[in-house]
Amino acid sequence: MPYCCRCGNQVAETDQFCARCGARQVGARPVTDFAASFSPRTASVLCYLPWIGWVAAIVVLASNTFRNNRTVRFHAFQGLYLFVAWLLVQWVFKPLSFLGPGTPILQLAILAVWIFMIIKTSQEQVYSLPVIGELAEKSLSE
Ligand SMILES: [Zn+2]
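Bear in mind the structure is a predicted one, so any value in this text is a computation, not a measurement.

Focus on the environment of T65
Inference 1: Note on placement: T65 falls in the loop between α2 (53-62) and α3 (70-93).
Inference 2: Residue classification places T65 among the partly exposed positions, given that 18 C-beta atoms sit within 10 Å.
Inference 3: Beyond its immediate sequence surroundings of up to four residues, T65 is in contact with D33, A35 and A36.

Here you go:
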């Protein structure tokens, strides 16, 4: 158990600051990156989980672990945009549903793409979707 470098109070190894005096602890172990507990493949697949993949995508994009992993970040962006596409269908096409059964068909299509991407990605294939894949590529180079 280490001690605070200023006041001598006992601190945990991962404490960035002393609980008593607030001094920054120089030797503190960096907090482990949550995303680091996943392999690149698992992290990529998680980004395509229907409806909740965007959470994984944001974790991946915010994490240090995958900062330099183009492939994982590509999947994260693609998963994120796929969810945006889903939301667009919800918000834009639903009010127009009197025009025809477009919304359920589009939603089924996106769900099929999610499942397709989970299969492709778990086989470690990088599949670039039309439009969404191009957007993801652009986001990567920004
Ligand atoms: Zn202290």
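A look at unusual backbone geometry
Inference 1: If you check the backbone angles, W51 has positive phi at about 70 degrees while not being a glycine.
Inference 2: Within the secondary structure layout, W51 lies in the loop between α1 (40-46) and α2.
Inference 3: According to the C-beta neighbour criterion, W51 is exposed, with 10 such atoms within 10 Å.
Inference 4: In this model, E124 sits at a positive phi of 60 degrees, which is unusual for a non-glycine residue.
Inference 5: Structurally, the position occupied by E124 is in the loop between α4 (102-122) and α5 (132-141).
Inference 6: For E124, a count of 11 C-beta atoms within 10 Å puts it in the exposed group.

Details of α3
Inference 1: For α3, which comprises 24 residues, the first-to-last C-alpha distance of 33 Å matches the rise-based estimate of 34 Å (1.5 Å per residue) to within 8%.
Inference 2: Buried-residue contacts for α3 involve α1, α2, α4 and α5.

A short note on the environment of G133
Inference 1: Examined against the element boundaries, G133 turns out to sit in helix α5.
Inference 2: With 17 C-beta atoms counted inside 10 Å, the residue G133 sits in the partly exposed group.
Inference 3: Each C-alpha atom, one on G133 and one on C4, is 49 Å from the other, the two residues being 129 residues apart in sequence.
Inference 4: In contact with G133, not counting residues within four places along its chain, are Q78 and S128.

Focus on the nonpolar core
Inference 1: In this structure, A43, C47, A57, V60, A76 and L80 are the most contacted members of the largest nonpolar core, which totals 24 residues.
Inference 2: Take this core: its biggest share by element is 8 residues, from α3.

Examining the packing of α3 against α4
Relative placement of two packed helices is described by the angle separating their axes and the distance separating the axes.
Inference 1: Taken N-terminus to C-terminus, the directions of α3 and α4 make an angle of 170 degrees; their axes are 9 Å apart at the nearest point. Regarding the angle of α3 to α4, the classification is roughly antiparallel. Contact residues: H75, L82, A85, W86, V89 and F93 in α3; G102, T103, L106, Q107, I110, V113, W114 and T121 in α4.
Inference 2: The residue makeup of the contact of α3 with α4, split by class, is 9 nonpolar, 5 polar and no charged.

Quick word on the domain arrangement of the chain
Inference 1: Along its sequence, the chain is organised into domain 1 (1-31) and domain 2 (35-141).
Inference 2: Between domain 1 and domain 2, the C-alpha centre-to-centre distance is 40 Å.

The rules behind these values
- Residues numbered from 1 in each chain as written.
- Predicted model: local features only at pLDDT ≥ 70, side-chain atom pairs only at ≥ 80, totals over all residues.
- Helix = DSSP H or I, 4+ residues; strand = E, 2+ residues; numbered from the N terminus.
- Buried ≥ 20, exposed ≤ 12 C-beta atoms within 10 Å, placed from the backbone.
- Contact = placed C-beta atoms within 7 Å.
- Expected span 1.5 Å × (residues − 1).
- Core = buried A, V, L, I, M, F, W, Y, C linked by C-beta atoms within 7 Å.
- Axes fitted to C-alpha atoms, helices over the stretch in contact; angles between N-to-C directions.
- Parallel < 35°, antiparallel > 145°, perpendicular 65-115°, else oblique.
- Nonpolar A, V, L, I, M, F, W, Y, C, P; charged D, E, K, R; others polar.
- Domains from an automatic or database assignment.

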